[in-house]
Amino acid sequence: MLNYQQVLPFIKKTDLEALEPQALKAKEDLLHKTCLGNDFVGWVDYPNRLSEADLKAIVAASQTIQNQSQVLLVIGIGGSYLGAKSALSMLRAYFKKTGGLEILFVGNTLSSTYTKAVLQYLQHKDFSINVISKSGTTTEPAIAFRLFRGLLKEKYGSRFNERIYCTTTIGKGVLYSEAINNNYQIFAIPEDIGGRYSVLTPVGLLPMACSNIDIYQVINGASQAIFNFSQKPFWENQVLLYASLRKALYDQGKRIEMLVYYEPKLHYFGEWYKQLFGESEGKNHLGLFPVTANYSTDLHSLGQYVQDGHRHLFETVLNINKPEEDLTIPLDQLDFDQLNYLTKYSLHQINHQALVGTTMAHVDGGVPNILINVPELSPYYYAYLVYFFMLSCGISAALLGVNPYDQPGVEAYKRNMFALLGKPGLEKLTEELKKKR
């Protein structure tokens, strides 16, 4: 899975050897839940704790939703949205077939145009809601839930509650109270799992099941990733090696990690990756800045900078070994476009040679490349990849010395926004901000 041959021209094996003791300690701290932020590491063994009854309840709810609705509206933001979106984008067909459940996402933006467009779209559709929030008071999803709950009441009257499924913390928060008072079906977000680490809890599993993704294979993939991480020694442990490679490159002055993929289905996986590492590592003026690129598309926009720009980045390349589909280039007798030399290759083979050629060019240009080979796009390997990155993030944050499970910087913009909107209790801050404007 992990190939770091194209990093070795930039770091020494002794750099990794020096990080081995720290990485092994970080591993033990994570597995034994003695690390920084250990109140929020319930995700580490969650797939192994999930019961058959839990999985059956998710599958049963997904079948009810598919029978009662044309559309499932998933309301959430951050980890309550990106994980499920990444799974659906990676594992479903590009274009929805006739019939079947459509899944839309709201509550992840304050765009009035988008929100109203979805409201109008659902006027003549049977739909259900899966609202995802630990507290129920996060601004974007809370606004969306108020609006779309109102539409459900208009369409279905007193039976609107039969179409609302809440994924929230049991026993705490206003969403849980709302669910109890209105008899919504509830799925639990464990209190010791933060949003960006929650994709393989009911947060992501219910939308996946509603898309007919095999969630049993999802859990199997995650469990295997955890087993390999816990059992493999340092030089065979891909999580520890990847985290150590990132730290060694960081220590050399690399400040940007670009996650690169050659399959557009991975776009939202990249968005999930950005939140995972950005919120987990970006503290105390530390951390790699995570960005993504879709090659070969972005080679025609960012390629020049990557090749010849400031040498402060490295690339981590996701390579899908086996495509879901492939096709060949037809022979043209006139060869007006001069492509006949490509007819002996499939399009996947051409795409792969683009990867190889780009890697060679960028490494020659001073950009280290880490290659992560994924056998195929499947529920099993999706989950394995999710856990590979989450475990790596936990180790990477430990090597930096930061708590990967809080996000104090996110609160700064929220306080300012609430004050400018006149939220009670922030009058003093409101006056201070008015003076700055």
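None of the values given here were measured: they were computed from a predicted structure.

What counts and what doesn't
The numbering scheme is per chain: residues are counted from 1 as the chain's sequence reads. It should be noted that, the model being predicted, local features are given only for residues of pLDDT at least 70 and side-chain atom pairs only at 80 or more, the latter also being counted only at that level, while totals for whole chains, interfaces and linings use all residues. The basis for every side-chain value is the complete set of non-hydrogen atoms in the structure, without hydrogens or water. Helix and strand definitions follow DSSP, with helices as H or I runs of at least four residues and strands as E runs of at least two, each counted in order from the N terminus. As a reference, a globule follows 2.2 Å times the number of residues to the power 0.38, and the radius of gyration itself is taken over C-alpha atoms. For every residue, the accessible area (1.4 Å probe, protein chains only) is compared with the maximum for its type, and the residue is labelled buried under 20%, exposed over 50%, or partly exposed between those bounds. Any two residues whose heavy atoms approach within 4.5 Å at even a single point are treated as in contact. Surface accessibility in these figures is a Shrake-Rupley result with a 1.4 Å probe; residues are shielded only by whichever protein chains are displayed. Being paired, for any two strands, means DSSP has found at least two bridges between them. Every axis corresponds to a line fitted to the C-alpha atoms, with the helix fit spanning only the stretch in contact, and the corresponding angles, defined between N-to-C directions, vary from 0 to 180 degrees.

### Brief notes about the overall build of the chain
Phase 1 of the analysis: Secondary structure assignment for the chain yields 16 helices and 10 strands.
Phase 2 of the analysis: For 437 residues, the compact-globule formula gives about 22 Å, and the C-alpha radius of gyration of the chain, at 23 Å, lands near that figure.
Phase 3 of the analysis: On the principal axes, the C-alpha backbone points of the chain span a range of 65 × 60 × 55 Å.
Phase 4 of the analysis: A buried classification covers 50% of the 437 residues belonging to the chain.
Phase 5 of the analysis: In the chain, once contacts between residues fewer than 6 apart in sequence are set aside, the share between residues at least 24 apart is 78%.
Phase 6 of the analysis: Accessible surface, the chain as shown: approximately 20600 Å² in total, 52% of it carbon and sulfur.

### As for the pairing of strand 7 (residues 256–261)
Phase 1 of the analysis: Among the six residues of strand 7, six are classified as buried, and the element is accordingly described as predominantly covered.
Phase 2 of the analysis: With burial as the criterion, each face of strand 7 is covered, one bearing I256, M258 and V260 and the other bearing E257, L259 and Y261.
Phase 3 of the analysis: As paired elements, strand 7 and strand 8 (residues 289–294) share six bridges and run parallel to each other. From the neighbouring strand, V260 faces strand 8, where its bridge partner is A293.

### Examining the sheet that holds strand 9 (residues 313–322)
Phase 1 of the analysis: The strand order across the open sheet built from five strands is 1-10-9-7-8, with neighbouring strands paired in mixed fashion. Each having just a single partner strand, strand 1 (2–3) and strand 8 make up the two edges of the open sheet.
Phase 2 of the analysis: Bridging between strand 1 and strand 10 (residues 369–376) involves two bridges; their strand directions are antiparallel. In the sheet register, N3 faces strand 10, and the bridge partner there is L371.
Phase 3 of the analysis: Across the sheet, helix 11 (residues 267–281) touches strand 7, strand 8 and strand 9, and the angle it forms with strand 8 is around 170°.
Phase 4 of the analysis: Packed on one face of the sheet, helix 14 (residues 379–400) meets strand 7, strand 9 and strand 10 and runs near 150° to strand 10.

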